[in-house]
Amino acid sequence: MSQYKALFLSESREYLRTIAEQVVALEQSPADRSAIDALFRGAHSLKGMAASMEYGDVVVVAHSMEDLMARVRDGALPFGAGVADLLLEGVDLIDALLQDVEEERPSSLPTDGYAARLASYVPAPEKKAKKPDEAPKAAPTAAEPAQASEPAPAAEAERAKESTTELGGTVRVKTELLDHLINLTGELVTNKQRLLSIGRELASPALNDAVSETSKLLRALHDEVMKVRLMPFEAISDRFQRSVRAVAKKSGKEINFELTGREIGLDRGVLEQLVDPLNHILRNAVDHGIEDGEERERAGKPARGLVKLSVSRDRDRIHITVRDDGRGMEPQSMIEAAVRKGLITPEEGELLSPRQALMLSCIPGFSTAKEVTDISGRGVGMDAVNAAIAKLGGTLGIESEPGQGTSITLKLPLTIAIIHALLVQCGQIKTAIPVNAVQRTVELSRRQIETVGRRQMFQLDDESIPLLSLNRVLGLPLGRFPDGILPLFVTEAKGRRVGMVVDRLLGQHELFVKRLGRPLDGMAGVAGGATLGDGEIVTILDISELL
């Protein structure tokens, strides 16, 4: 049966993800009959697949979950937090068992104890007792259970039919093959740049036309390959539902969690690196942002807090927003906390706008939590979140209104494999900056530069922007500008705009990003490398990390 193991593992994990999502959803609306039936079918299908593969431990756990859901479906057991806890425990247990199967090691997890607890489970006694005249309704007749269970086989047959239809239009492909396809497409992009260079040298109209047509076809190929590489956000969304539920339970708060845009597709490379940053933001929203029930009621809010996670697409950018209706953040309090911790000087604090003050939360060591818990308050996390998003070529923005809540928005590129970048010259070195990190390019006259204290500044959009030299940051000799014009690009770091002076701006290029191997991958501020059309190798800089 080993030839079917990969398919079994893949499908089983899809069932586990669906089961976990439905459990969390059912806690919000426990009377949803369709969700109850779907949960029962999920456990039943998982049991059948494991039985056919002769994975006995998985069968024991899935069968126990199926029996528990049968009691809920037949009305013998109400769906409550206790049932949800047991089912989620089963999901984790099966996930661990699948890990054992994947790594071909014998399972060391006992499953009999779990099965026994589910079989003997009785809900907590605080449930409201039923009135005597309701007893006949609560006790079904002998015929009723049979009638209740009859739709299940029909529903199972319908589900099988749907699955067959889906399989007819889809095919499973190993991720390694998709990565190889991306690499080949990227190499073609590099080769296209080479042909463009040759065309310019030869001044051949026929060659230029052919290259232009090839460029259009390559763009279409790239777009199609990207679609294949995209994965729906729901591939990771179940983790966030469970994370919010766990933190709410631990902190004793009631939370409604809403998720929209789960069908939006993201590059697999981006999606995999979003789990930890989003988990941290959501945990912060529940533990630090949402007030407890009594405080909310005093403020005229419903006792149950609201946390929303929304995903949307704007052309080639993905917007992910986490919004809560909690206590919000006060910019002045943020500044005072940063000054108190010695992270900024009082003079620097006076210059910060409200938006910049909120971004202080991304400085390492910053925290306004009154007490440290095992969930948040140690001043770690948001700086790592900001760094992780910047590494993906994205940006993080914070908006907050005291007493009304906080909104954190991540703006990310659709793909991180092929990017548009601004090429710049610094001394003898050419380097690339992703255009996502470049707000605009400027040619600045020396007369427009003013000195404030020890810092050089210039005015842009009625804002004083500090000047830095990219040459100095990279440890290169400073450039000379005999005509008095300084080329620079404007970027953002920690919510503050900065002008980066370079020797020359060389224009935009489409680049295929290649990861750097050891030891270069340990260099701070280097996001990868790329080859230009003439064969020259350039490094791609992570400006936010450099700064």
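Residues numbered from 1 in each chain as written. Predicted model: local features only at pLDDT ≥ 70, side-chain atom pairs only at ≥ 80, totals over all residues. Heavy atoms only, no water.

J.: Would you mind showing me how to read the overall build of the chain here?
T.: When helices and strands are tallied, the chain shows 20 helices and 18 strands. Taking all 547 residues of the chain together, the buried fraction comes to 43%. Of the contacts made within the chain by residues no fewer than 6 positions apart, 68% connect residues no fewer than 24 positions apart. (Helix = DSSP H or I, 4+ residues; strand = E, 2+ residues; numbered from the N terminus. Buried < 20%, exposed > 50% of the residue type's maximum accessible area, 1.4 Å probe, protein only. Contact = heavy atoms within 4.5 Å.)

J.: Which parts of the structure should I look at to understand the sheet that holds strand E5 (residues 317-324)?
T.: What links the strands of a sheet is backbone hydrogen bonding, and the strands pair in either a parallel or an antiparallel sense. Pairing is mixed in the open sheet, where five strands are placed in the order E2-E4-E5-E7-E6. Across the chains shown, the open sheet's two edge strands, defined by having one partner strand only, are strand E2 (255-260) and strand E6 (395-401). Strand-to-strand, the axes of this sheet are offset by a mean angle of 10 degrees, without reference to chain direction. Summarising the sheet, E2 and strand E4 (residues 305-314) pair through six bridges and their orientation is parallel. Across the sheet, residue Leu259 finds its bridge partner in E4, namely Leu309. Lying on the sheet, helix H11 (residues 234-251) is in contact with E2 and E4; it crosses E2 at an angle near 170 degrees. Lying on the sheet, helix H13 (residues 275-289) is in contact with E2, E4, E5 and strand E7 (405-413); it crosses E5 at an angle near 20 degrees. (Pairing = 2+ DSSP bridges. Axes fitted to C-alpha atoms, helices over the stretch in contact; angles between N-to-C directions.)

J.: I keep staring at the sheet that holds strand E17 (residues 526-531) and nothing clicks. Help me out?
T.: Reading across from one edge, E16-E8-E9-E18-E17 is the order of the five strands in this open sheet, with mixed pairing throughout. Edge strands, defined here as strands with exactly one partner in the open sheet, are strand E16 (504-512) and E17. In this sheet, adjacent strand axes meet at a mean angle of 35 degrees when their direction is disregarded. With six bridges joining them, strand E8 (residues 418-426) and strand E9 (residues 429-434) adopt antiparallel strand pairing. Considered in E9, the bridge of Val424 is made with Thr431.

J.: Help me understand the pairing of E5, please; the structure alone is not making it clear to me.
T.: Counted residue by residue, E5 has six buried out of eight residues, so it is predominantly covered. Both E5 and E7 contribute to a ladder of eight bridges, which runs antiparallel. In the sheet register, Thr321 faces E7, and the bridge partner there is Thr409.

J.: Explain the packing of aromatic side chains to me, please; I cannot follow it from the model alone.
T.: We describe a pair of aromatic rings using the distance from one ring centre to the other and the angle between the two ring planes. Evaluation of the coordinates by the stated rule reveals two aromatic pairs. On the numbers, 5.1 Å between centres and 45 degrees between planes, the contact of Phe8 with Tyr55 is tilted. Note that Phe8 is positioned in helix H1 (residues 5-28) and Tyr55 in the loop between helix H2 (33-52) and helix H3 (56-73), a separation of 47 residues in sequence. It is Arg73 that lies over the ring of Phe40; its NZ or CZ is 4.1 Å from the centre. (Phe/Tyr/Trp six-rings, centres within 6.5 Å; stacked < 30°, edge-to-face > 60°. Lys NZ or Arg CZ within 6 Å of the ring centre and 35° of its normal.)

J.: Would you take a moment to explain helix H10 (residues 205-229) for this structure?
T.: Owing to its 3.6 residues per turn, the α-helix aligns residues three or four sequence positions apart on the same side. A rise of 1.5 Å per residue sets the reference length of H10, with its 25 residues, at 36 Å; its end C-alpha atoms lie 36 Å apart and thus fit the reference within 8%. Buried residues of H10: Val211, Leu218, His222, Val225, Met226 and Arg229, and no others. (Expected span 1.5 Å × (residues − 1).)

J.: I tried to follow the pairing of E4 on my own but got confused; where do I start?
T.: On a regular strand, each side chain points to the face opposite its neighbour's, so the side chains alternate between the two faces of the sheet. Pairing of E4 with E5 involves eight bridges; the strand directions are antiparallel. Each bridged residue has a counterpart across the sheet, and for Arg313 the counterpart in E5 is Ile318.

J.: Would you mind going over the nonpolar core with me for this structure?
T.: One broad rule of soluble globular proteins: the nonpolar side chains tend to lie buried together. Counting residues in each nonpolar core, the largest one holds 52 residues, and the members touching the most others are Phe233, Leu266, Leu274, Leu309, Ile320 and Leu410. Apart from residues no more than four positions distant in its own chain, Leu274 is found in contact with Ile236, Phe240, Leu266, Ile320, Ile389, Leu392, Leu410 and Leu412. Within the second largest apolar cluster, 42 residues are counted, among which are Ile19, Phe40, Leu68 and Val72. (Core = buried A, V, L, I, M, F, W, Y, C linked by side-chain atoms within 4.5 Å.)

J.: Would you explain H3 in this entry?
T.: With 18 residues, H3 ought to run about 26 Å at 1.5 Å a step, and its terminal C-alpha atoms sit 25 Å apart, in line with that. Directly beyond the C-terminal end of H3, a positive phi value near 85 degrees is found at Gly75.

J.: Would you mind going over the pattern of salt bridges with me for this structure?
T.: Any two side chains of opposite charge can pair if their charged atoms end up close together. Going through the model one piece at a time under the given rule, you end up with 25 salt bridges. The partner of Asp100 in a salt bridge is Arg105, and the shortest N-O contact between them spans 2.6 Å. One salt bridge in this structure joins Lys430 and Glu536, with 3.2 Å as the shortest N-O distance. Remark: Glu536 occurs in the loop between E17 and strand E18 (537-541) and Lys430 occurs in strand E9; sequence separation between them is 106 residues. With relative accessibility at 28%, the residue Glu536 sits in the partly exposed group. (Salt bridge = Lys/Arg side-chain N within 4 Å of Asp/Glu carboxyl O.)

J.: Can you help me understand unusual backbone geometry in this one?
T.: Among all residues except glycine, the phi angle is most often negative; among peptide bonds, the trans geometry is most common. Of note in the backbone geometry, Glu54 takes a positive phi value of approximately 65 degrees without being a glycine. In this structure, Ala203 takes a positive phi of about 55 degrees despite not being glycine.

The quantities given are spatial measurements derived from coordinates; they are silent on function.
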